[in-house]
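Descriptive analysis of the structure
Read off the chains here:
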Amino acid sequence: MKNFFIILALATAVLAAKEPPVYTSEGKELGKIPAMPLVISSARRGEPGKCGEKIIFTVTPAKIPANAEKIRIFQWVNGIRTAVSDYPLSQFKVEMSSAEPAHLMTTGIYIDSSGKAINPPHRTAGYGDGVFIEPEKLTRSRKRPADFDKFWEDELAKLDAVPMQVKRSAYRQGDVWKCDEIEITSTANIPVTGFLVMPQKAAPASLPAVVYFHGAGFKSSSVQRQFGDRAIVFDVNAHGIKNGMPRDFYRKLNSRPPADRNIFSHRDDREKSYFKDMFLRTVRAVDFVKSLPEWDGKTLIVAGRSQGGAQAVAAAALAKGVTLCIANVPALADHGGKEVQRAVGWPGINPKNDPAIAVAADYIDIVNLAGRITCETIMSIGMIDSICPPVSVWLTYQELKGKKDITLFPQLGHVAPPVELDGRKRIYLEIKK
């Protein structure tokens, strides 16, 4: 644990620097992370605190907007807001503490004379910093169902009963790579769809494989050609919809999802839950890749962020043959958090603590799925993430059975980790072997 947190401190030091670099998978500098206009940081620099310890957050205005009147500070315990205060436009300190294991977070924004936020950062609770308090003592909100493994073995048997019929058509190609559009039969009459990229002249049993999963929303799969000259890369659509369509096609789906692709449908029924079948599609995607004659039979990586991170966890937990799982800021964790006064992971499937929904949600909680994973797993946490709360991700990490590593980014929210770029550097190293 000590070495683990030393790594975190180093990562935090990089992030705290002015405009730190972002690198491509091959180590080429890609660009800079813009400096933050409002810097909030603790002296812990990524290391956890102790119960009862005072955690001091220093707030430094770095670039004050012309119309800023004050700094509004929010304090949070386990993702629940506990205090709001306004301060002058100067450096100051605030403190927090917890008598119990927890996640503490201080965030802030600039406000104008009317109290309106000025250019708040995207998908976070503001600029800020977060600190865990004795995270190894954090406990799950609900017990893992006694029949959890049997339920999923039964569901996998149902998937096996659906013949794997594949439609494959040429979509695009480059100098050395080719991309095919894929559609594969699966459960609930929703297919696995996506784009498959690989070298044009690959020999049998010569290629490692990477399966990418998508975050929330209706969108097209991507043509993942960055590894297309050296690996099989299958980019899977989360909802089994048509790929490569005009932008308006997806805009309409996002504004009014079809009934058979409503993520909240049948959330009180574990047999019909939308996410249950989404997770089964991850298994079918992995099985399809394993069936390709070009796969080397050795390296199979699953990766994703947010909802994609949850799918990567599901694939590693339910499919056979996965060798590495990369799950950045994963969603669908700790659905019962509200029962113990914690913020829950996206999508907040049980906002009113409905008992029937709570029981069904246990079977699609990645905290419970993580206990089935034995392959190496890499995870990350944005320590001011208000979409997939840090505690929910940490609880998932604690349940992993195989080799594991996690990186905490104290000043980042629900965004792709800038250092690893969704694990692409590690993927590059794996497929280069």
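Values in this document were obtained by computation on a predicted structure and should not be read as measured data.

Further remarks concern the overall build of the protein. In terms of helices and strands, the protein carries nine helices and 18 strands. By residue count, 54% of the 433 residues in the protein fall in the buried class. Excluding contacts between residues fewer than 6 apart, the proportion of contacts in the protein whose partners are at least 24 apart in sequence is 69%. When the accessible area of the protein is evaluated, it comes to approximately 18900 Å², of which 51% is carbon and sulfur surface.

The strand order S3-S4-S7 describes an open sheet built from three strands, whose pairing is antiparallel. Looking at which strands have only one partner, the edges of the open sheet turn out to be strand S3 (38–42) and strand S7 (92–96). The mean inter-strand angle of the sheet, taken between neighbouring strand axes irrespective of direction, is 25°. Strand direction decides the pairing type here: S3 and strand S4 (residues 55–61), joined by five bridges, are antiparallel. Note that in S4 the partner of Ile-40 across the bridge is Val-59.

Our focus in this paragraph is empty space enclosed by the protein. Inspection of every chain in the model, using the stated rule, returns four cavities of 30 Å³ or more. The calculated volume of the largest cavity comes to roughly 60 Å³. Along the walls of the largest cavity sit Arg-140, Ser-141, Arg-142, Asp-334, His-335, Gly-336, Asp-362, Asp-365, Val-367 and Asn-368, which together make up its complete lining. Of the residues in the lining of the largest cavity, the class split is one nonpolar, four polar and five charged. In this structure, the second largest cavity encloses a volume near 40 Å³. Arg-142, His-335, Gly-336, Glu-339, Asn-350, Ala-358, Ala-361, Asp-362 and Asp-365 are the residues that line the second largest cavity. Across the lining of the second largest cavity, the residue classes break down as two nonpolar, three polar and four charged.

About the criteria used
- Residues numbered from 1 in each chain as written.
- Predicted model: local features only at pLDDT ≥ 70, side-chain atom pairs only at ≥ 80, totals over all residues.
- Heavy atoms only, no water.
- Helix = DSSP H or I, 4+ residues; strand = E, 2+ residues; numbered from the N terminus.
- Buried < 20%, exposed > 50% of the residue type's maximum accessible area, 1.4 Å probe, protein only.
- Contact = heavy atoms within 4.5 Å.
- Areas by Shrake-Rupley, 256 points an atom, 1.4 Å probe, with all protein chains shown as cover.
- Pairing = 2+ DSSP bridges.
- Axes fitted to C-alpha atoms, helices over the stretch in contact; angles between N-to-C directions.
- 1 Å grid on protein atoms, 1.4 Å probe; cavity = no way out; pocket = protein on both sides within 12 Å on 5 of 7 lines; lining within 4 Å.
- Points joined across faces, edges and corners; volume = space filled by probe spheres on them.
- Nonpolar A, V, L, I, M, F, W, Y, C, P; charged D, E, K, R; others polar.

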